[in-house]
Protein chains: 2
Amino acid sequence: MIKIRNIAIIGATGLVGQNFIKALEEKNIKFDNISFFTSKKSAGKKIELKNKAYITEELTEQSLTKDFNYAFFFAGGDISKKYVPIAAKLGIIAIDNSSVFRMDEAIPLIVPEVNIEKAANHKNIIANPNCTTIQAVVALKPLHDKFNLKRVIISTYQAVSGAGIEAVRDIENGTANALKYKIQKNLFPEVGEFLENGYTDEEIKIINETRKILDFKNLNITATCVRVPVLNGHSESINIEFENEFKIEEIITTLENAKGIKLQTTPQPANINGKDDVLIGRIRRDESVKNGINIFVVADNLRKGAATNALQIFEKL
Amino acid sequence: MIKIRNIAIIGATGLVGQNFIKALEEKNIKFDNISFFTSKKSAGKKIELKNKAYITEELTEQSLTKDFNYAFFFAGGDISKKYVPIAAKLGIIAIDNSSVFRMDEAIPLIVPEVNIEKAANHKNIIANPNCTTIQAVVALKPLHDKFNLKRVIISTYQAVSGAGIEAVRDIENGTANALKYKIQKNLFPEVGEFLENGYTDEEIKIINETRKILDFKNLNITATCVRVPVLNGHSESINIEFENEFKIEEIITTLENAKGIKLQTTPQPANINGKDDVLIGRIRRDESVKNGINIFVVADNLRKGAATNALQIFEKL
């Protein structure tokens with residue numbers, strides 16, 4: 001049986017959508033038909049893919065039909081909330097980049113290197129994790145398998161591209177239109193909305209999503225999320241405490257041999273822009289605790305942190 | 001007895017030197033005579049202070065005479081290594097911003113809010129701590145006094161001004177002349193030189209200096225230092241574990257009432273540029289450990305992190 005692949009891309013003109021289209025081209029992904037949907041404002045724009053031109057269409061309740069068998073949602077929470085269930089009901093497999101369905105126990109939350117086996121249980125909806133979570137779990141999973149995580153402390157350095165096209169304009173122009181504060185040559189420890197417990201929802205996403213993806217409900221983990229004036233590429237300073245003893249060389253070998261990881265002495269966003277690996281460096285023993293290490297983890301938040309992870313899920317299905 | 005205050009400023013045209021002169025003016029610090037010394041290259045430049053013009057002179061072995069009773073060293077390690085002992089021998093009190101003498105057990109390492117009482121033991125040399133250390137200990141000391149530190153994990157977000165005037169040009173022009181990597185819209189987890197254990201000397205400075213200033217030799221503390229494309233103002237994401245139990249309100253009240261600290265919801269470098277307080281925010285319980293908190297600490301690395309701390313030591317002497 002030859003399987004037909006008719007794909008709908010929702011949010012085709014946003015930063016993640018654009019990176020998804022670029023990755024489709026680069027990886028020469030096979031499909032039969034493809035349609036691009038946007039808001040009313042962005043409808044009618046031309047998109048080039050594999051030497052063919054497409055015109056974006058406004059997403060309406062009539063857009064999604066049984067002709068599609070895959071739909072990628074890159075248009076934010078409100079659109080996903082409304083249209084993902086419509087797609088799923090029509091029998092379309094929806095791969096959703098929003099946070100709406102991630103913590104739903106019935107819906108798999110997938111990072112292919114970590115838990116692709118869970119994707120098989122989907123009921124037509126698969127959630128793509130938050131960008132900050134994806135690069136963290138790619139680093140944590142191989143180490144957890146060997147040395148057993150005891151506690152994880154993450155401080156993020158998040159690029160403006162994670163806040164969308166308007167935020168990219170803010171860093172270019174020194175404005176604060178999309179972002180709450182001026183980011184040009186400044187930074188601020190506030191990503192997302194504040195919750196009652198003093199954390200932001202971005203921080204709680206890392207905590208909850210990491211626990212779900214690693215299938216480790218009681219993992220001791222905390223996070224501080226910071227927006228920095230980097231154009232693209234998120235970084236994370238991660239302190240890890242293990243249950244097991246280790247030699248630092250074993251940590252290095254484990255990461256070196258893990259899928260999706262490249263080791264660098266001084267990983268940095270400029271080195272990963274447009275690429276799909278997770279860079280890890282600064283691997284060293286933390287002498288302040290029994291079995292501790294510090295590492296520094298960098299990934300392209302639009303690619304591995306969003307578009308490419310969704311595409312990798314699709315490829316594995 | 002009226003005490004004469006004849007002051008020598010060494011490194012008067014560097015970023016820290018300039019900030020020191022600005023602070024002398026703003027705080028209307030009293031002195032009798034003042035001289036400004038620089039490298040041969042920067043000699044002959046005009047400096048204005050309190051409506052008086054001065055000309056910078058090249059620092060030579062003949063520059064320092066018994067006429068001075070205070071000398072401030074802001075010209076880097078090589079100059080301090082050579083001239084601080086000369087000054088001390090002449091009976092001049094040298095307040096040194098380099099790292100050369102900081103870990104010398106006989107030499108006090110002072111942050112006025114934390115351990116000014118140790119300054120009295122000086123033998124004509126007082127060391128000014130590293131910028132990253134100063135803002136950390138201002139935050140840690142009042143908390144340690146009440147709740148007893150158990151473990152401290154610091155991730156820094158260090159501005160380019162900390163690497164000097166040429167590094168500031170690097171961020172403005174997109175170059176990598178003074179800095180090892182391009183910093184414009186990028187970042188890198190490498191501040192200072194790598195040591196054999198995988199840490200940079202900047203990271204070891206935070207660890208060792210914090211232990212010395214807090215008089216807590218076995219403090220469990222680790223650090224990851226990162227250069228970010230912020231113009232001025234260092235930030236630190238600090239995770240703290242205490243021996244004692246606490247209510248989060250007690251942490252907030254303790255910091256609120258501590259010297260040199262201002263609380264803000266979202267502290268950021270743009271809010272502290274040119275000011276002397278240490279901003280602290282994002283104070284919240286870390287649920288991943290028994291008695292833990294996360295905080296975010298911001299200070300002007302050229303002012304409280306260097307120039308103003310030296311001036312505050314002088315004022316207290």
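Residues numbered from 1 in each chain as written. Chains lettered and ligands numbered in written order. Predicted model: local features only at pLDDT ≥ 70, side-chain atom pairs only at ≥ 80, totals over all residues. Heavy atoms only, no water.

## Quick look at the sheet that holds strand 10 (residues 220-224) of chain A
All names here are of chain A. Test applied: Any two strands between which DSSP finds at least two bridges are classified as paired. The way it works is that DSSP assigns letters per residue, a run of H or I at least four long becomes a helix, a run of E at least two long becomes a strand, and they are numbered from the N terminus. Axes, fitted as lines to C-alpha atoms, cover a helix only where it is in contact. Angles between the N-to-C directions of the axes lie from 0 to 180 degrees. It only takes one pair of heavy atoms within 4.5 Å for two residues to be counted as in contact.
The six strands are arranged 10-9-11-14-13-12 in an open sheet whose pairing can be described as mixed. Two strands bound the open sheet, and with one partner strand each, they are strand 10 and strand 12 (261-263). Between one strand axis and the next, the sheet turns through 25° on average, direction left out of account. Where helix 6 (residues 201-213) meets the sheet, its contacts fall on strand 9 (149-157) and strand 10, and the angle it forms with strand 10 comes to roughly 150°.

## Side note on the confidence of the model for chain A
Keep this limit in mind: Confidence of the predictor at the level of single residues is given by pLDDT, which spans 0 to 100.
When pLDDT is averaged across chain A, the result is 97; 99% of the residues are at 70 or more. Reported confidence for the predicted complex is 0.97 by ipTM and 0.97 by pTM.

## Quick word on the relation of the copies chain A and chain B
Where we set the bar: The copies were overlaid with a least-squares fit restricted to C-alpha atoms from residues scoring a pLDDT of at least 70 in each copy.
Rotating chain A by 180° about the axis while translating it 0.0 Å along that axis superimposes it on chain B, leaving an RMSD of 0.0 Å. The superposition operator between the copies reduces to a two-fold rotation axis. When C-alpha distances to the rotation axis are compared across chain A, the minimum falls at Pro229(A), with a value of 3.1 Å. Of the interface residues in chain A, 100% have counterparts in chain B that sit at the interface too, so the contact is made through matching surfaces.

## Topic: the interface of chain A and chain B
As a measure of interface size, the accessible area lost when the parts come together is often cited. The condition is simple: Put simply, buried area is the surface a 1.4 Å probe can reach on two separate parts but cannot reach once they are joined, added for both. Here a salt bridge means any side-chain nitrogen of Lys or Arg lying within 4 Å of a carboxyl oxygen belonging to Asp or Glu. The term polar contact refers here to a pair of N or O atoms within 3.5 Å; inside protein, the definition further demands a hydrogen-donor-capable atom paired with an acceptor-capable atom, and it admits residues adjacent in sequence only when both atoms are side-chain atoms. Only Asp, Glu, Lys and Arg are considered charged, only Ala, Val, Leu, Ile, Met, Phe, Trp, Tyr, Cys and Pro nonpolar, and every remaining residue, Gly among them, polar.
Listed per partner, the contact involves 51 residues of chain A and 51 residues of chain B. Together chain A and chain B conceal approximately 3,900 Å² of surface at their shared face, both sides included; 52% is due to carbon and sulfur atoms. The largest contributions to the chain A side of the interface with chain B come from Arg151(A), Lys185(A) and Arg282(A), which together make up 17% of the buried area. Linking chain A with chain B are 10 salt bridges, by the criterion used here. With a shortest N-O distance of 3.8 Å, Glu241(B) and Arg151(A) are connected by a salt bridge. The interface formed by chain A and chain B includes 40 residue pairs in polar contact (both at pLDDT 80 or more). Only strand 9, helix 5 (165-173), strand 10, strand 11 (234-242), strand 13 (278-286) and strand 14 (292-299) of chain A provide two or more residues apiece to the side of chain A that touches chain B. Looking at side-chain class alone, the side of chain A that touches chain B contains 22 nonpolar, 17 polar and 12 charged residues.

## Digging into the packing of helix 4 (residues 131-147) of chain B against helix 6 (residues 201-213) of chain B
All names here are of chain B. Short version of the rule: Roughly parallel means an angle under 35 degrees; roughly antiparallel, over 145; roughly perpendicular, 65 to 115; everything else is oblique. The crossing is said to be left-handed when, going from far helix to near helix, the turn is anticlockwise and less than a right angle, and right-handed when the turn is clockwise.
Orientation of helix 4 relative to helix 6, taken along the N-to-C sense of each, is 40°, at an axis distance of 9 Å. Of the possible angle classes, the one that applies to helix 4 and helix 6 is oblique. Of the two elements, helix 4 crosses helix 6, and the hand of that crossing is right-handed. Taking contact as the criterion, the partners of Cys131, Thr132, Thr133, Val137 and Leu140 in helix 4 are, on helix 6, Glu202, Lys205, Ile206, Glu209, Thr210 and Ile213. In terms of residue class, the contact of helix 4 with helix 6 is built from five nonpolar, three polar and three charged.

## Thoughts on empty space enclosed by the protein
Here is the rule we go by: Lining residues are those with an atom within 4 Å of a point, where the points come from a 1 Å grid over the protein atoms alone and group into cavities, where a 1.4 Å probe fits but cannot get out, or pockets, open sets with protein on both sides within 12 Å along at least five of seven lines. Grid points are joined across faces, edges and corners, and a volume is the space filled by probe spheres set on the points.
All told, the structure shown has one cavity of 30 Å³ or more when counted by the stated rule. Its residues placed into classes, the lining of the largest cavity shows five nonpolar, seven polar and no charged.

## Notes on the side chain of Asn291(A)
All names here are of chain A. Quick reminder of the rule: The buried label applies to any residue whose accessible area, calculated with a 1.4 Å probe on protein chains only, is under 20% of its type's maximum; exposed applies above 50%, and partly exposed to all values in between.
Within the secondary structure, asparagine 291 sits in the loop between strand 13 and strand 14. The class of asparagine 291 is buried, set by a relative accessible area of 5%. A polar contact is formed between the side chain of asparagine 291 and the backbone oxygen of asparagine 244, at a distance of 3.4 Å.

## Topic: the pairing of strand 7 (residues 93-96) of chain A
Residues and elements named next belong to chain A. Counted only if it meets this: Here the term right-handed applies to a crossover when the path leading from its first strand over the helix to its second strand runs clockwise, the strands being oriented away from the viewer.
The alternating pattern of strand 7 places Ile93 and Ile95 on one face and Ala94 and Asp96 on the opposite face, and all of these are buried. A crossover connection joins strand 6 (residues 70-73) to the parallel strand 7 through helix 2 (residues 77-89); in handedness this β-α-β unit is right-handed. Where strand 7 lies against strand 8 (residues 125-127), three bridges are found, and the strand directions are parallel. Of the residues in strand 8, the one forming a bridge with alanine 94 is isoleucine 125.

## Notes on the pattern of salt bridges
Residue and element names in this part refer to chain A. One pass over the structure, following the stated rule, counts 38 salt bridges over all chains. One salt bridge connects aspartate 276 with lysine 27, and the closest N-O pair in it is separated by 2.8 Å. Of this pair, aspartate 276 sits in the loop between strand 12 and strand 13 while lysine 27 sits in the loop between helix 1 (15-26) and strand 2 (33-38); the two residues are 249 residues apart in sequence, bridging distant segments of the chain.

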